[in-house]
Amino acid sequence: MTLWAFVILVSAFLATPGLAFSGLDPESADLALDGLSEAELLQDSLLAERWTNGFRCVSCKKVLQKLEDLVGKDVSKESITEAATHVCSKMGLLKVPCRGLMKAFLKVITQDIMEGKSAPEVCVDIKMCKPAGYI
């Protein structure tokens, strides 16, 4: 499962909080939404998007912080590549998203770490987080 498939799965659960446990089917949920205004529906969808983006960003930062810890002070292309082969096995529940992240962005991650960028800065560069001050 790639990182994007995982994010889509999580966003599906976040977009319908409680639906999985409420005993309602999707048609019943549509009936429950009939009384909501467009503004309320928009607010709910924006909240779900923030949760998804927040999860993706936090996950990225955790993975890259662990990668930087494994690399240590010997920052070279070889040490980063070596650490990248081991980091995902140490990530617990983030193991699968970590693998997708490393597979898709290892070249950019390596370059950014070699330039001295921090985990949050790298996550912004690979578009897993929004820049500070972004509205």
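Heads up: these notes are all about the structure in this document.

Parameters and conventions
- Residues numbered from 1 in each chain as written.
- Predicted model: local features only at pLDDT ≥ 70, side-chain atom pairs only at ≥ 80, totals over all residues.
- Heavy atoms only, no water.
- Salt bridge = Lys/Arg side-chain N within 4 Å of Asp/Glu carboxyl O.
- Buried < 20%, exposed > 50% of the residue type's maximum accessible area, 1.4 Å probe, protein only.
- Helix = DSSP H or I, 4+ residues; strand = E, 2+ residues; numbered from the N terminus.
- Arc of directions from axis to C-beta.
- Core = buried A, V, L, I, M, F, W, Y, C linked by side-chain atoms within 4.5 Å.
- Contact = heavy atoms within 4.5 Å.
- Disulfide = S-S within 2.5 Å.

Let's talk about the pattern of salt bridges
Then, number 1: By the definition in use, this model includes 3 salt bridges.
Then, number 2: A salt bridge links Glu115 to Lys117; the nearest nitrogen and oxygen atoms lie 3.9 Å apart.
Then, number 3: By relative accessible area, Lys117 is classed as partly exposed at 27%.

Quick look at helix α5 (residues 77-87)
Then, number 1: Taken together, the buried positions of α5 are occupied by Ser79, Ile80, Ala83, Ala84 and Val87. End-on view of α5: buried residues confined to an arc of 140°, all on one side of the axis. Of the exposed residues in α5, the ones pointing more than 90 degrees away from its buried face are Lys77, Glu78 and Thr85.

A look at the nonpolar core
Then, number 1: Judged by nonpolar contacts, the single largest core of 25 residues is most densely connected at Leu64, Leu67, Leu101, Met102 and Ile109.
Then, number 2: Discounting residues that sit within four places of it in the chain, Met102 has contacts with Val63, Leu64, Leu67, Ala84, Val87, Cys88 and Ile109.

So, the side chain of Ser79
Then, number 1: Following the sequence through the fold, Ser79 ends up in helix α5.
Then, number 2: Among all residues touching Ser79, those that are not within four sequence positions of it are Val71 and Asp74.

Topic: the state of the cysteines
Then, number 1: This model, assessed by the stated rule, comprises 3 disulfides.
Then, number 2: Covalently, Cys88 is tied to Cys98 through a disulfide, its sulfur atoms 2.1 Å apart. Torsion about the S-S bond of the Cys88 and Cys98 cystine: about -80°, corresponding to left-handed handedness. With Cys88 in the loop between α5 and α6 (95-114) and Cys98 in helix α6, this pair connects stretches of sequence that are 10 residues apart.

Focus on the environment of Pro97
Then, number 1: Residue placement: Pro97 occurs in helix α6.
Then, number 2: Residue classification places Pro97 among the buried positions, given a relative accessible area of 5%.
Then, number 3: The sequence separation of Pro97 and Val63 amounts to 34 residues, and the corresponding C-alpha distance is 9.1 Å.

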